[in-house]
Amino acid sequence: MVYFCMESGGCIETKQQPQKEQCAYLTVCSYEEMEEYAAQMEISYGLLEQARRFGFAKYDSFENFDCISLEMQDFQNVLISHGSVIIYLEKERACFFTSQEEQVCQILRACAESLGEKVSLQRMVYLFLEAQTKEDEIAFDQIEKEILGLEQALITSQKKNFVAEIIGLRKRLMLMKRYYEQYLNLLDIIIENENNIFDGKTLRSFKMLSSRTERSYQNILNLRESVTQIRESYEAEVDISLNTTMKVFTVVTTIFLPLTLIVGWYGMNFAIPEYHWKHGYAMVILLSILCVLACIAFFKKRKWF
C-alpha cells in the first residue's frame, strides 16, 4: 500500500498513512487489500465490489463522494488491457484500488513529477485519467496502416482472402468504440461535478480532455467506415470473380450445346440415311467442328469472352 501526500512543496510518497487533517492524499492498494482498507477507512466494501463489475469506464456520484471504475486500455494491443482501477474520490482523499498496483504508482509518480510544486489532489486525478488515452495514436496509426495495406492489396490483387483481416479490424475498432463511448460518459458526469470535488481550473481541463476524446471517437467512426468500404469492395470483387467464372462455364456449355443436339439426333433408333453413307462419320465430325468454331466466332464478335 502506497500513499501520495499533497503538500505545499510537492508530492511525498510514503508507506505510512497520513492523518486526514494534515494534508490531501492519494492511496494506492491492490484488490486483495481492498476489504481490509475499506473497513479501516469506513468505505462500503459492497459498493467497491459492485464497482468492479463494469464495462470499460463508469462514474457513480454518491452523497459526499464519487466512485470511478476504469479499464486501463493497452493501445498497443487493444484486445487486452493493463488491468482495472477503482477510484474512491472525496475532496481531500482519493483511494485507488487496482489489479496493477505498481503500474498505477508509476503513472501517479509521473503525474506528480509533471506538476511539481503545483501538485494537488484534483490535478493528480485529472492527469491519471488523461494518461489512459495518451497512447491511442499508436492504435490509430497501426490500424490506418493495416487499412492502407488492405486497400493496396485489393487494388493489386495481391491477396485473395481478406476475411480474417477485416474481421480483426472490425473487432478492434468495435472495442475501441465501446471504450470511448463509456469514457466520454464518464467525462460528462465528472464535468457536472455534483459533489464539487474539482475546482474550476481542473473542470476546464476535463472539458478540453472531453473534446480531444470526442475527436478520437470520431476518428474511430471514420476508420470503421473505411473498413466497411474495404469489405464492400472485397465483396464486389468476389462477386465479379464469381460472375466471370459463371460466364466461362456458360460459354463452354453453350459451345457444346450444338454437339449435344447432334449426339441426340444421331443417337435416335431410326434408319437414318447417313448410317449407310461411307462419308457419314467424317461428315458428323466436320459438322461438330464447324458448330464449335461458329459458336466461338460468335462469342468473340459479341465480346462475351
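Structure shown above.
This structure is a prediction, so every number in the text was calculated from the model and none was measured.

### So, the pattern of salt bridges
Consideration 1: Here the structure, examined in full by the defined rule, presents seven salt bridges.
Consideration 2: Linking Asp60 and Lys58 is a salt bridge whose minimum nitrogen-to-oxygen distance equals 3.7 Å.
Consideration 3: Take Lys58: its relative accessible area is 31%, and that puts it in the partly exposed class.
Consideration 4: Across the pair Arg93 and Glu90 runs a salt bridge, and its minimum N-O distance is 2.9 Å.
Consideration 5: Take Arg93: its relative accessible area is 4%, and that puts it in the buried class.
Consideration 6: Because the salt bridges share partners, they merge into one network encompassing Glu13, Glu102 and Arg109.

### A short note on empty space enclosed by the protein
Consideration 1: Throughout the structure, instances matching the rule amount to one cavity of 30 Å³ or more.
Consideration 2: Considering only enclosed or pocket space, the largest cavity measures out at about 40 Å³ in volume.
Consideration 3: Tallying contributions element by element places helix α6 (residues 163-192) first for the lining of the largest cavity, with four residues.
Consideration 4: Among the residues making up the lining of the largest cavity, the classes are represented as seven nonpolar, one polar and no charged.

### Describing the side chain of Asn195
Consideration 1: Tracing the backbone shows Asn195 in the loop between α6 and α7 (200-266).
Consideration 2: According to the relative accessible area criterion, Asn195 is buried, its value standing at 17%.
Consideration 3: Those residues in contact with Asn195 that lie beyond four places of it in its chain are Ser61, Phe62, Glu63, Asn64, Phe65, Asp66 and Lys91.

### Topic: helix α2 (residues 45-52)
Consideration 1: Along α2, the positions that sit buried rather than exposed are Leu47, Leu48 and Ala51. Projected down its long axis, α2 shows its buried positions confined to an angular sector of 100°, all on one face.
Consideration 2: Looking at the buried positions of α2, the neighbouring elements they touch are α1 (34-40), β4 (57-62), β5 (65-73), β6 (81-89) and β7 (93-98).

### A closer look at the environment of Tyr217
Consideration 1: Turning to its location among the elements, Tyr217 is positioned in helix α7.
Consideration 2: Considering only alpha carbons, one finds Tyr217 and Tyr179, 38 residues apart in sequence, at a separation of 9.3 Å.
Consideration 3: Apart from residues no more than four positions distant in its own chain, Tyr217 is found in contact with Lys177, Tyr180, Glu181 and Leu184.

### Topic: the sheet that holds β4
Consideration 1: Here seven strands make up an open sheet; going across it, the order is β2-β1-β3-β7-β6-β5-β4 and the pairing mixed. Each end of this open sheet is capped by a strand with a single partner; those strands are β2 (10-14) and β4. Across the sheet, the axes of successive neighbouring strands diverge by a mean angle of 15°, strand direction being ignored.
Consideration 2: Of the strand pairs in this sheet, β6 and β7 are connected by five bridges, and their pairing is antiparallel. Bridged to Tyr88 within β7 is Cys95.
Consideration 3: Across the sheet, helix α3 (residues 101-115) lies against β1 (2-7), β2, β3 (24-30), β5, β6 and β7, angled at about 155° from β3, the strand it touches most.
Consideration 4: Against the sheet, helix α4 (residues 121-131) makes contact with β1, β3, β5, β6 and β7, and its axis sits at roughly 40° relative to β3, the strand it touches most.

Rules used throughout
- Residues numbered from 1 in each chain as written.
- Predicted model: local features only at pLDDT ≥ 70, side-chain atom pairs only at ≥ 80, totals over all residues.
- Heavy atoms only, no water.
- Salt bridge = Lys/Arg side-chain N within 4 Å of Asp/Glu carboxyl O.
- Buried < 20%, exposed > 50% of the residue type's maximum accessible area, 1.4 Å probe, protein only.
- 1 Å grid on protein atoms, 1.4 Å probe; cavity = no way out; pocket = protein on both sides within 12 Å on 5 of 7 lines; lining within 4 Å.
- Points joined across faces, edges and corners; volume = space filled by probe spheres on them.
- Helix = DSSP H or I, 4+ residues; strand = E, 2+ residues; numbered from the N terminus.
- Nonpolar A, V, L, I, M, F, W, Y, C, P; charged D, E, K, R; others polar.
- Contact = heavy atoms within 4.5 Å.
- Arc of directions from axis to C-beta.
- Pairing = 2+ DSSP bridges.
- Axes fitted to C-alpha atoms, helices over the stretch in contact; angles between N-to-C directions.

By themselves these figures say nothing about function.
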